[in-house]
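Fold and contact review
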Amino acid sequence: MTRVLVVDDDFMVAKLHSRYVASVAGFTVVGVAHSGADAVDAVERLRPDLVLLDVYLPDMDGIAVLRELRAAEERDPSRQPVDALFITAARDAEIVRAALRAGALHYLIKPFNQAALQEQLRHVAALRARLDGLEEARQEDVDQIFGTRPPGSRELPKGLAAHTAELVEQTLRRHPDGLSASECARAGSLSRVSARRYLEFFVETRRAEVSLRYGGTGRPERRYRWLG
């Protein structure tokens, strides 16, 4: 279970975001803060795994809050590190850059709908699960975690094309609950055989996972879901 602290100066917005978080399996809200000082104190008391952090706070901005949290972690190596996801109306590129440098996982600009936040939370969960399962990282693991390598630049097996791989990847990303090979083929205007090859490649390279759905008769259906 990922423990979340919601930080926003607007009481109603904080309540709304808390409800969004609670609707995602595997996440629970352990506290709410409405100022920077309260956020720092709440992290100290509650030790959440993730902070949903606004930039605009009445006493100090969210960037300063995150820097203070990082400084506290440096002073006490035994302290559990906390991840941060900015949720803010701030659109200035310098603020986005500052959030990145302070160690934010992502930056979600208001206004947004419930699905957008849920997608980010699932992404956070996938990253945490992937890191927890690694003892030694391969380059493709690092690329997926940091998202730094441009689409199509990963090496593909002979017979697979970068542009089709990107199409299948985007199709999976648009369907976070998963797709069968037939559904992916229809959504991407591909043949089922072709879609299946790319889906299995993503499973082999740990960028997607496959599960089996059993029906009344016949073989179980393989369903694919993008990781991260």
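Located above this text is the structure these notes cover.
It should be emphasised that the depicted structure is a prediction, and the values quoted were computed from it without experimental measurement.

Our next topic: the sheet that holds strand β6 (residues 179-180). Read across the open sheet, the 3 strands follow the order β6-β8-β7; overall the sheet is antiparallel. Because the sheet does not close on itself, it has two edges, and the strands there are β6 and β7 (208-213).

Mapped onto the elements of the fold, V4 is located in strand β1 (residues 2-7). Classification of V4 as buried rests on a relative accessible area of 0%. Residues V4 and R192 lie 188 residues apart in sequence; the distance between their C-alpha atoms is 40 Å. Once residues within four sequence positions are removed from consideration, V4 is found in contact with V21, F27, T28, V29, V30, G31, P48, L50 and L52.

The end-to-end C-alpha distance of helix α5 (residues 114-132), which contains 19 residues, comes to 27 Å, matching closely the 27 Å that a straight helix rising 1.5 Å per residue would cover. Along α5, the residues classified as buried are L117, Q118, Q120, L121, V124, A126, L127 and R130.

Turning next to the nonpolar core. Ranked by internal contacts, the top residues of the largest apolar core, which has 24 residues, are V7, V51, L53, V65, L66 and F86. Broken down by secondary-structure element, the contributors of at least two residues to this core are β1, α2 (36-46), β3 (50-53), α3 (62-75), β4 (83-88) and α4 (93-102).

This paragraph deals with helix α1 (residues 11-22). In this model, α1 (12 residues) spans 16 Å end to end at C-alpha, consistent with the 16 Å of a helix rising 1.5 Å per residue. Every buried residue of α1 is listed here: A14, H17, S18, Y20 and V21. Across the axial projection of α1, the buried residues extend over an arc of 160 degrees, all falling on one side. In α1, those exposed residues whose orientation departs by more than 90 degrees from the buried face are M12, K15, R19 and A22. A side-chain oxygen of the first residue of α1 lies 2.9 Å from the backbone nitrogen of M12; this N-cap is D10.

With that settled, consider the pairing of strand β5 (residues 106-109). Relative to β5, β4 runs parallel, the two sharing 4 bridges. Following the sheet pairing, L85 is matched in β5 by H106. For the crossover from β4 across α4 to β5, the handedness is right-handed.

What follows concerns the pattern of salt bridges. It is possible for side chains of opposite charge to pair when their charged atoms get near one another. Within the structure shown, the criterion is met by 16 salt bridges. Here E209 makes a salt bridge to R225, at a shortest N to O gap of 2.6 Å. Here the residue E209 occupies a position in strand β7, and R225 occupies one in strand β8 (residues 221-226), the gap between them amounting to 16 residues. Note on E209: relative accessible area 34%, which makes it partly exposed. Accessibility expressed as a relative area gives 29% for R225, which makes it partly exposed. Through salt bridges with shared partners, one network takes in E183, R213, E221 and R223.

Bringing the sheet that holds β5 into the picture now. The 5 strands are arranged β2-β1-β3-β4-β5 in an open sheet whose pairing can be described as parallel. In the strand order of this sheet, the two ends are held by β2 (27-33) and β5, each with one partner. Adjacent strand axes in the sheet meet at a mean angle of 20 degrees when their direction is disregarded. Sheet topology note: the β1/β3 ladder contains 4 bridges and is parallel. Pairing of L5 across the sheet is with V51, part of β3. Here α3 sits on the sheet in contact with β3 and β4, set at roughly 175 degrees to β4.

What counts, and at which threshold
Residues numbered from 1 in each chain as written. Predicted model: local features only at pLDDT ≥ 70, side-chain atom pairs only at ≥ 80, totals over all residues. Heavy atoms only, no water. Pairing = 2+ DSSP bridges. Helix = DSSP H or I, 4+ residues; strand = E, 2+ residues; numbered from the N terminus. Buried < 20%, exposed > 50% of the residue type's maximum accessible area, 1.4 Å probe, protein only. Contact = heavy atoms within 4.5 Å. Expected span 1.5 Å × (residues − 1). Core = buried A, V, L, I, M, F, W, Y, C linked by side-chain atoms within 4.5 Å. Arc of directions from axis to C-beta. Polar contact = N/O pair within 3.5 Å; in protein donor to acceptor, adjacent residues only side chain to side chain. Right-handed = clockwise from strand over helix to strand, strands pointing away. Salt bridge = Lys/Arg side-chain N within 4 Å of Asp/Glu carboxyl O. Axes fitted to C-alpha atoms, helices over the stretch in contact; angles between N-to-C directions.

Remember, this is a structural readout, not a statement about activity or role.
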